[in-house]
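# Geometric and topological summary
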Amino acid sequence: MHHFQYKGDELFAEEVAIKDIVAEVGSPVYIYSRATLERHFKAMDDAFAGAPHTICYSVKANSNLAVLKTFVNLGGGVDIVSGGELYRALAVGVDPKKVVYSGVGKRDDEIAYALKTGILMFNVESEQELDRINEVAGRLNKKAGIAIRVNPDVDPETHPYITTGLKKAKFGINIERALGQYQRAESMNNLEILGIDCHIGSQLTKVSPFVDAIKKLKRLLEGVRDMGIDVKYLDLGGGLGIQYNDEAPPLPADYGSSIIEETKDLGLHLLFEPGRNLVGNAGILVGRCLYTKQGEEKNFVIVDAGMNDLARPALYGSFHGVRPVVRNQSGVIEGDIVGPICESGDFLVKDREIPNFQPGDLIAFMSAGAYGFTMSSNYNSRPRVAEVMVDGKRFEVVRERETLADLVKGESVPTFL
Ligand SMILES: Cc1ncc(COP(=O)(O)O)c(C=O)c1O
Ligand SMILES: N[C@@H](CCCC[NH3+])C(=O)O
């Protein structure tokens with residue numbers, strides 16, 4: 001259940017007809033439901049009510065300030081992977097002590113920015129990074145809180161591109177080497193060891209890989225504690241999946257109870273970094289049918305939104321549900337919904353039964369709130385689209401559509417031309 005439902009033949013976002021939003025803001029447009037964002041956050045937060053915990057929303061999934069502010073208002077922290085994400089989170093007043101910083105390629109300036117901000121901890125992803133953070137912290141006369149992101153080598157059984165906790169992944173430090181790194185960290189002057197971290201992948205539809213990972217981390221935790229290191233936090237990353245099509249991911253409550261059961265005697269404060277689960281089904285992308293075309297072997301619906309606006313189908317072959325914004329189509333066809341981009345990979349829907357859309361019709365691409373706008377680009381010199389947040393009967397533009405002038409912002413023709 002979410003807040004994008006038909007009333008009669010018109011698709012609504014909460015209490016607002018989507019066609020009214022498009023009439024004012026144009027298309028394509030991303031539309032987010034505040035009520036859905038809040039409900040998802042609370043479901044996750046409530047799932048861990050039985051344990052000390054903080055929900056550190058993973059900013060990469062959707063970094064719009066309005067979305068961040070929604071979660072910060074509910075007491076959320078953030079998981080960031082760049083100085084840019086930190087900047088965004090600070091702009092909406094996140095508590096620095098609820099910020100964790102993940103990512104395999106943290107630069108010196110980003111580390112320094114995070115240290116000056118006073119974030120809770122860095123999730124360290126390599127041996128060299130450990131030295132680097134220690135060095136930068138020393139230079140700034142600060143102590144850096146750290147956890148080691150452990151790669152527990154469990155298979156999350158999700159898409160290979162978003163599997164991150166297998167041995168062959170670039171992420172984290174192999175669990176067998178982690179203890180040695182804790183020992184090294186302990187000997188460094190400018191680090192404070194605070195936690196153990198893992199993130200095994202995204203769009204998981206089972207609880208068991210999480211539990212498997214925790215079992216492995218518990219063995220490591222014992223070793224770390226045996227060295228006399230007092231770890232306070234267990235960061236279990238994000239990764240809980242959502243329903244795009246016919247997946248049946250566990251409910252946050254089930255995910256929560258399994259994890260609490262597995263961690264209840266550890267005396268640790270739990271951290272979570274959910275992204276997709278909070279925002280995926282809280283957002284849609286709306287585009288308009290420009291043309292239809294009967295190819296030699298196929299029907300095409302050509303829309304004004306493309307892979308530059310929503311990259312997931314092109315990148316992962318992902319499924320996004322499709323709904324007419326106004327139900328007036330007669331019948332269905334089989335075919336592709338494609339964008340205007342000059343790439344054969346530019347499709348939003350491939351080989352599916354779809355409503356018989358006609359030029360002018362508005363189309364909602366569902367479950368687009370996560371990794372939608374944040375992965376969009378200006379490819380083909382297309383201004384990035386507007387973002388709107390709905391709250392009950394009202395809505396506001398939370399990111400303006402880019403203009404043609406925005407496209408060339410910062411560019412110049414050199415003097416020698
Ligand atoms: C370190 C880390 N934390 C959290 C997330 C959020 O993942 P998800 O959107 O699947 O919850 C990711 C992305 O997979 C990640 O790499
Ligand atoms: N971008 C991916 C998820 C990547 C997760 C990154 N931590 C997706 O759309 O499914």
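Residues numbered from 1 in each chain as written. Chains lettered and ligands numbered in written order. Predicted model: local features only at pLDDT ≥ 70, side-chain atom pairs only at ≥ 80, totals over all residues.

## Here's the deal with the overall build of the protein
For the protein, the count of helices and strands is 12 helices and 21 strands. Here the C-alpha atoms of the protein give a radius of gyration of 23 Å, agreeing with the 22 Å that 2.2 N^0.38 yields for 417 residues. C-alpha extents for the protein along the principal axes are approximately 70 × 60 × 45 Å. Sequence separation of 24 or more characterises 72% of the internal contacts of the protein that already satisfy a separation of 6 or more. (Helix = DSSP H or I, 4+ residues; strand = E, 2+ residues; numbered from the N terminus. Rg over C-alpha atoms; globule rule 2.2 N^0.38 Å. Contact = placed C-beta atoms within 7 Å.)

## Looking at the packing of helix α8 (residues 208–226) against helix α9 (residues 252–263)
Relative to each other, α8 and α9 sit at 15°, their axes nearing to 10 Å. With respect to α9, the element α8 is oriented roughly parallel. α8 and α9 meet at a crossing whose hand is right-handed. Residue-level inspection shows Phe210, Val211 and Ile214 of α8 in contact with α9, the latter providing Tyr255, Ser258, Ile259, Glu262 and Thr263. Tallied by class, residues from the contact of α8 with α9 come to five nonpolar, two polar and one charged. (Axes fitted to C-alpha atoms, helices over the stretch in contact; angles between N-to-C directions. Parallel < 35°, antiparallel > 145°, perpendicular 65-115°, else oblique. Left-handed = near helix turned anticlockwise from the far one by under 90°. Nonpolar A, V, L, I, M, F, W, Y, C, P; charged D, E, K, R; others polar.)

## Notes on the domain arrangement of the protein
Domain parsing of the protein yields domain 1 (4–32 + 280–407) and domain 2 (103–272). Computed from C-alpha atoms alone, the centre-to-centre distance between domain 1 and domain 2 is 36 Å. If you look at the interface, domain 1 gives eight residues, while domain 2 gives five residues. Of the residues assigned to the side of domain 1 that touches domain 2, the class counts are two nonpolar, six polar and no charged. (Domains from an automatic or database assignment.)

## So, the sheet that holds strand β3 (residues 16–17)
With respect to topology, three strands assemble into an open sheet ordered β1-β2-β3, the strand pairing being antiparallel. In this open sheet, the two strands that pair with only one neighbour each are β1 (4–7) and β3. Judged from the four bridges that link them, β1 and strand β2 (residues 10–13) form a sheet pairing that is antiparallel. The residue bridging Phe4 from the neighbouring strand is Ala13, located in β2. (Pairing = 2+ DSSP bridges.)

## Remarks on the UniProt feature "binding site: pyridoxal 5'-phosphate" (unreviewed entry) in the protein
Here, the residues flagged by UniProt with the feature "binding site: pyridoxal 5'-phosphate" (unreviewed entry) are Gly239, Glu273, Pro274, Gly275, Arg276 and Tyr371. In this fold, Pro274 is placed in the loop between β13 (269–272) and α10 (276–279). Pro274 gets classed as buried once you count the C-beta atoms within 10 Å, which come to 27. Discounting residues that sit within four places of it in the chain, Pro274 has contacts with Met44, Ile55, Tyr57, Ser58, Gly238 and Leu240. Residue position: Tyr371 is located in the loop between β19 (362–365) and β20 (386–391). When near neighbours in sequence (up to four residues on either side) are disregarded, Tyr371 contacts Ala61, Arg276 and Arg312. (UniProt positions renumbered as here; feature names shortened; annotations may be inferred. Buried ≥ 20, exposed ≤ 12 C-beta atoms within 10 Å, placed from the backbone.)

## As for unusual backbone geometry
Going from Ser27 to Pro28, the amide bond is cis rather than trans, its omega being -5°. Along the chain, the position of Pro28 falls in the loop between α1 (18–25) and β4 (29–33). You will see that Asp351, though not glycine, has its phi angle at about 50°, which is positive. Topologically, Asp351 is positioned in strand β18 (residues 347–355). Using a count of 10 C-beta atoms within 10 Å as the deciding quantity, one classes Asp351 as exposed. Unusually for a residue other than glycine, Ser367 sits at a positive phi of about 55°. You can see Ser367 is positioned in the loop between β19 and β20.

## What to know about the environment of Arg107
By secondary structure assignment, the location of Arg107 is in the loop between β7 (99–101) and α5 (108–117). Along the sequence, Arg107 and Ile260 sit 153 residues apart, while their C-alpha atoms lie 35 Å from each other.

## A short note on the nonpolar core
Counting 113 residues, the largest nonpolar core has Ile18, Ile31, Ile146 and Val286 as the members making the most contacts within it. Counting residues per element, this core draws most heavily on α8, which supplies six residues. For this core, the two domains that each supply at least three residues are domain 1 (4–32 + 280–407) and domain 2 (103–272). In this structure Ile18 touches Leu11, Phe12, Ala13, Ile31, Val286, Val325, Leu362 and Ala364, once residues within four positions along its chain are discounted. (Core = buried A, V, L, I, M, F, W, Y, C linked by C-beta atoms within 7 Å.)

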